[in-house]
Amino acid sequence: MRLLAALVAFFVTGPAWAGCPLDLGRGAGLVIFSDHYMIAFRPDPLRIEVGEPFALVFNVCTKSGTAGELVAVDAQMPEHKHAMNYHPSIVAKGDGRFRAEGLVFHMAGHWEISIDVRAGEEIERLTHDFYIK
Amino acid sequence: MRRALLTTALLAALAAPAAAQATLDWSEAEIRLVGQHGPWPPPPARDPSNRVSATPVGIVLGEHLFSDARLSGDGLVSCATCHQEGRDWSDGRALGKGRADLDRRTPSLWNVGYSHWFGWSGAADSLWAHTIKPILDAREMAGSSARVARLLREDKELACGYERAFGRKPDGDDEQMLVNAAKALAAFQATLVSPRTRFDDFRDALMAGDREAAARYGQSEQRGLKLFIGEANCNACHFGPRFTNGEFGDIGIGFFVRPGEVDAGRLGGIAALADSPFNLLGRYNDDASGANARRTRHVRRLHSNFGEFRVPGLRQVGRSAAYMHNGSLATVEDVVRHYSEVSPDRLHSDGTPLVRALGLSAGQSSDLVAFLRSLDAAPPPRPSPPPLCP
């Protein structure tokens, strides 16, 4: 539902983002955006399993069309104030594509991932909630 | 004849409603949570960092080495001294004892091949890397790479078994020989898979919607299981088919080893891991892709790691007392009492705590104990290992 809303919003605001490829391969993906950024991403593998390492692949676009950079990715369980026991590393793949490797959700439940991006000096944080069963 | 028939009918009539009542009501959500603790057994463990993992020749060499006291400095201590088959691969003691007393309890080796961190503080990232530690540790076996290498070269049987396992004579340098001995030992340990239990039969029946088979699991066990996955939230950490998420936690067990000296738990484990020449980032990892080193590469040190210990699996738990990293609790009943009464002063948590005094009633406590005991089963007798070079 959330994804659908995001997609609808995307197409409504379409023209400004027109150059931003949402396709991350394998079809499915999530989209989040702010005033300045639109970020498409998906887990790899697609299904996140408790305790199993996974990666996130990103496509970072900016409204102004300048290059966006993925600076950091992290996650925590807000209810328990638990951080991840692992520190993801980020590899730039060119053309606004990034891969964050080494995430592990070691418990089932609510995880909030934070995605720090910048296109210039200032870093902006976007977040997304995962509910792992 | 007629009387017998009548009795049977009567019994059937009596049995039917009883059987129908014997399974508690399980919601869809609960059934899904129960299902996560299986299926059992899992497929055989394979470790890509270990070239002889899951190979029959590696396993048989490892089984011979496991009870060979010649690996130790004084020729008196083997792995089997502390990890005894008849004691579920532990030693029945509160704290381990080799050539000297240890500060931690000897864990059972059941299902150890499925872990990703080893030892109570996760100081090793592979089963073979962990295996090197007791061989060299002065308090455990006080052996050396030179000693292990000499044994493999000079004992004709072992040399032959080595050549079969590794495809070459035992002619590497001493450290390589130590690593390979550990890899064979690891291949053997990874075959120690605990048997199916009453819980597994219930789980499978519940998943299959077979109420009759499910009803063979006692009501008290079922209530205990409901607590485990529900109100008591035990499955937050004791997750999955082995009842552990393989990570670390602090449940308020003391960490003083003796006055003034602490066991830093996971914090020390990460430091030891980083220092080890045998970790998966080093040259002895047989997995060229490096994919299996992801956890090692990304593990992060957190303040909260101080005093955290690895979440133990719970299969066979009732059979291998004592409990906790320091053996401080003697029985399963004591463990349940701990979770029921643990003082909040012992737990540091900023958010909603995962462990809190549950304040269980006597009935709930005995249900939880009954459930934990349903994770035990007597293993079938093991045949003695086949000869190395028949």
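Nothing here was measured: the structure is a model prediction, and the numbers come from that model.

1. With respect to helix 3 (residues 56-66) of chain B
Think of an α-helix as 3.6 residues a turn; residues three or four steps apart then line up on the same face. Residues and elements named next belong to chain B. For helix 3, the buried fraction is high: 8 of the 11 residues fall into the buried class. Turning to helix 3, its buried residues are Gly-58, Ile-59, Val-60, Leu-61, Gly-62, Glu-63, Leu-65 and Phe-66. Against the buried residues of helix 3 lie helix 4 (79-82), helix 6 (145-154), helix 7 (156-166) and helix 8 (174-189).

2. Observations regarding the sheet that holds strand 9 (residues 123-132) of chain A
All names here are of chain A. Ordered by their spatial adjacency, 4 strands build an open sheet running 5-4-8-9, and the pairing between neighbours is antiparallel. Each edge of the open sheet carries a strand with a single partner, namely strand 5 (82-83) and strand 9. Of the strand pairs in this sheet, strand 4 (residues 69-77) and strand 5 are connected by 2 bridges, and their pairing is antiparallel. Pairing of Gln-76 across the sheet is with Ala-83, part of strand 5.

3. A few points about the environment of B:Thr131
Residue and element names in this part refer to chain B. Mapped onto the elements of the fold, Thr-131 is located in helix 5 (residues 127-136). Sequence separation of Thr-131 and Ser-72 is 59 residues, and the distance between their C-alpha atoms is 13 Å. When near neighbours in sequence (up to four residues on either side) are disregarded, Thr-131 contacts Ala-182, Leu-185 and Gln-189.

4. A closer look at a nonpolar patch on the surface
A cluster of nonpolar side chains, contributed by B:Phe256, B:Val262 and B:Phe306, occupies part of the molecular surface with about 270 Å² of accessible area. Relative to the helices and strands, B:Phe306 resides in the loop between helix 13 (294-298) and strand 4 (309-310).

5. Side note on the domain arrangement of chain B
Residues and elements named next belong to chain B. Structurally, chain B comprises domain 1 (22-41 + 196-265 + 306-390) and domain 2 (56-189). Summarising the inter-unit geometry, the C-alpha centres of domain 1 and domain 2 are found 28 Å apart. With 33 residues of domain 1 in contact, the opposing surface of domain 2 contributes 32 residues. Contact between domain 1 and domain 2 buries roughly 2800 Å² in total, counting both sides, with carbon and sulfur atoms accounting for 54%.

6. Here's the deal with the interface of chain B and chain A
With 20 residues of chain B at the contact, the number on the chain A side is 23 residues. Here chain B packs against chain A, burying approximately 1900 Å² in sum over the two surfaces, 52% of which is carbon and sulfur. Put simply, chain B and chain A have 3 salt bridges between them. B:Arg295 is paired through a salt bridge with A:Glu52; the nearest N and O atoms lie 3.9 Å apart. At the junction of chain B and chain A, the tally comes to 15 residue pairs in polar contact (both at pLDDT 80 or more). At 3 residues, the largest contribution of residues to the side of chain B that touches chain A is made by helix 13 of chain B.

7. Re the state of the cysteines
Residue and element names in this part refer to chain B. Following the criterion strictly, the structure yields 1 disulfide over all chains and no others. With its sulfur 1.7 Å from that of its partner, Cys-160 forms a disulfide with Cys-389. One disulfide, between Cys-160 and Cys-389, carries an S-S torsion of -105° and so falls in the left-handed class. Of this pair, Cys-160 sits in helix 7 while Cys-389 is found in the segment after helix 15 (362-373), placing the two residues 229 residues apart along the sequence. Under the relative-accessibility criterion, Cys-160 is labelled partly exposed at 28%.

8. Details of the packing of helix 2 (residues 28-35) of chain B against helix 9 (residues 198-208) of chain B
All names here are of chain B. The interhelical angle for the contact between helix 2 and helix 9, taken along N-to-C directions, is 135°, at an axis separation of 10 Å. Overall, the two elements helix 2 and helix 9 adopt an arrangement that is oblique. For the element pair helix 2 and helix 9, the recorded crossing hand is left-handed. The segment helix 2 lies against helix 9, with Ile-31, Val-34 and Gly-35 engaging Phe-199, Arg-203, Leu-206 and Met-207. Here the residues of the contact of helix 2 with helix 9 are counted per class, giving 5 nonpolar, 1 polar and 1 charged.

9. So, the pairing of strand 9 of chain A
All names here are of chain A. Note: strand 8 (residues 109-118) against strand 9, 10 bridges, orientation antiparallel. Residue pairing for strand 9: Ser-114 is matched across the bridge by Thr-127. Here strand 8 folds back onto strand 9 in antiparallel fashion, the turn holding 4 residues, of which Gly-120 has a positive phi close to 125°.

10. A closer look at the packing of helix 11 (residues 219-229) of chain B against helix 15 of chain B
All names here are of chain B. Where helix 11 contacts helix 15, the two axes come as close as 7 Å, and the packing angle between them is 95°. Classified by the angle between their axes, helix 11 and helix 15 sit roughly perpendicular to one another. Two secondary-structure elements touch here, helix 11 through Ser-220, Glu-221, Arg-223, Gly-224, Leu-225, Leu-227 and Phe-228 and helix 15 through Gln-364, Ser-366, Asp-367, Leu-368, Ala-370, Phe-371 and Leu-372. In terms of residue class, the contact of helix 11 with helix 15 is built from 7 nonpolar, 4 polar and 3 charged.

11. So, helix 9 of chain B
All names here are of chain B. Along helix 9, the residues that are buried comprise Phe-199, Asp-200, Phe-202, Arg-203, Ala-205 and Leu-206. Between the side-chain oxygen at the start of helix 9 and the backbone nitrogen of Phe-199 there is a gap of 3.3 Å, and the oxygen is on Thr-197. Gly-209 sits one or two residues past helix 9 and shows a positive phi near 70°.

12. Here's the deal with the nonpolar core
Residues and elements named next belong to chain B. With 47 residues, the main nonpolar core has Leu-61, Leu-65, Trp-128 and Leu-152 as its most contacted residues. With 10 residues, helix 8 is the largest single contributor of residues to this core. When residues no more than four places from it in sequence are discounted, the contact partners of Leu-152 are Leu-65, Leu-158, Ala-159, Tyr-162, Pro-170, Met-177 and Ala-181. One finds Phe-199, Ala-214, Val-342 and Leu-375 within the second-largest nonpolar core, a separate group that totals 37 residues.

13. Comments concerning the confidence of the model for chain B
Predicted coordinates in areas of low pLDDT are best not read in detail. Residues and elements named next belong to chain B. For chain B, mean pLDDT is 93; residues scoring 70 or higher make up 95% of the total. This stretch, residues 1-20, has a pLDDT under 50; its non-local contacts, to residues over four places away or in other chains, come to 2 contacts. This prediction of the complex comes with two scores: 0.92 for pTM and 0.88 for ipTM.

Reading the values: rules and limits
- Residues numbered from 1 in each chain as written.
- Chains lettered and ligands numbered in written order.
- Predicted model: local features only at pLDDT ≥ 70, side-chain atom pairs only at ≥ 80, totals over all residues.
- Heavy atoms only, no water.
- Buried < 20%, exposed > 50% of the residue type's maximum accessible area, 1.4 Å probe, protein only.
- Helix = DSSP H or I, 4+ residues; strand = E, 2+ residues; numbered from the N terminus.
- Contact = heavy atoms within 4.5 Å.
- Pairing = 2+ DSSP bridges.
- Patch = residues over 30% accessible without salt bridge, like charges linked within 9 Å, V, L, I, M, F, W, Y side chains within 5 Å.
- Areas by Shrake-Rupley, 256 points an atom, 1.4 Å probe, with all protein chains shown as cover.
- Salt bridge = Lys/Arg side-chain N within 4 Å of Asp/Glu carboxyl O.
- Domains from an automatic or database assignment.
- Buried area = accessible area lost by both parts, 1.4 Å probe.
- Polar contact = N/O pair within 3.5 Å; in protein donor to acceptor, adjacent residues only side chain to side chain.
- Disulfide = S-S within 2.5 Å.
- Axes fitted to C-alpha atoms, helices over the stretch in contact; angles between N-to-C directions.
- Parallel < 35°, antiparallel > 145°, perpendicular 65-115°, else oblique.
- Left-handed = near helix turned anticlockwise from the far one by under 90°.
- Nonpolar A, V, L, I, M, F, W, Y, C, P; charged D, E, K, R; others polar.
- Core = buried A, V, L, I, M, F, W, Y, C linked by side-chain atoms within 4.5 Å.
- pLDDT = per-residue confidence, 0-100.

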